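Structural characterization, general
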Amino acid sequence: RFKIRGGAKSPLISHKKPPGEGRLLLLSGVGCLSDFGERIAKLEAEVDNLNGWQKNQNGALLRVDAKVDGLKNWILGLLGTSVLSLILLVVNLVAKN
């Protein structure tokens, strides 16, 4: 794995010129191609795990959304009943006078 290193003595990216060559960017910590293949395989496995986790989370969010909708409908029903009760109370008070 790449590690970020601090300090002037061990930078992550070196701009030093190798002898006899032009200016190159050298990444410290870069291994051979088989290391990249292993890293890519691990990353693909991690992405698959994250996709599975995301599907589980989406299912949980859908269940929570359904519960919130049920609560919203219950509260609206309670509010409607209260408003209707107040309207009937006012009508009874006006009818008695």
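Residues numbered from 1 in each chain as written. Predicted model: local features only at pLDDT ≥ 70, side-chain atom pairs only at ≥ 80, totals over all residues. Heavy atoms only, no water.

A word on the overall build of the protein. Scanning the protein from terminus to terminus reveals one helix and two strands. Helices (α) and strands (β) of the protein occur, in sequence order from the N terminus, as β-β-α. For the protein, the residues scored as buried account for 2% of the 97 residues in total. Surface summary for the protein: the accessible area is close to 8,900 Å², and the carbon and sulfur share equals 65%. (Helix = DSSP H or I, 4+ residues; strand = E, 2+ residues; numbered from the N terminus. Buried < 20%, exposed > 50% of the residue type's maximum accessible area, 1.4 Å probe, protein only. Areas by Shrake-Rupley, 256 points an atom, 1.4 Å probe, with all protein chains shown as cover.)

On the surface, Leu-76, Leu-79, Val-83, Ile-87 and Val-91 cluster together into a nonpolar patch covering about 450 Å² of accessible area. Residue position: Val-83 is located in helix 1 (residues 33-96). You can call Val-83 partly exposed: its relative accessible area is 41%. (Patch = residues over 30% accessible without salt bridge, like charges linked within 9 Å, V, L, I, M, F, W, Y side chains within 5 Å. Salt bridge = Lys/Arg side-chain N within 4 Å of Asp/Glu carboxyl O.)

With that settled, the discussion passes to the confidence of the model for the protein. Model confidence for the protein is summarised by a mean pLDDT of 79, while 68% of its residues fall at 70 or above. Mean pLDDT across the elements of the protein ranges from a minimum in strand 1 (residues 13-14), with 46, to a maximum in helix 1, with 94. Of the regions scoring below 50 in pLDDT, residues 1-18 engages in 28 contacts with residues more than four places distant in sequence or in other chains. Note on residues 20-26: pLDDT is under 50 here. Beyond four places in sequence and across chains, it has 13 contacts. (pLDDT = per-residue confidence, 0-100. Contact = heavy atoms within 4.5 Å.)

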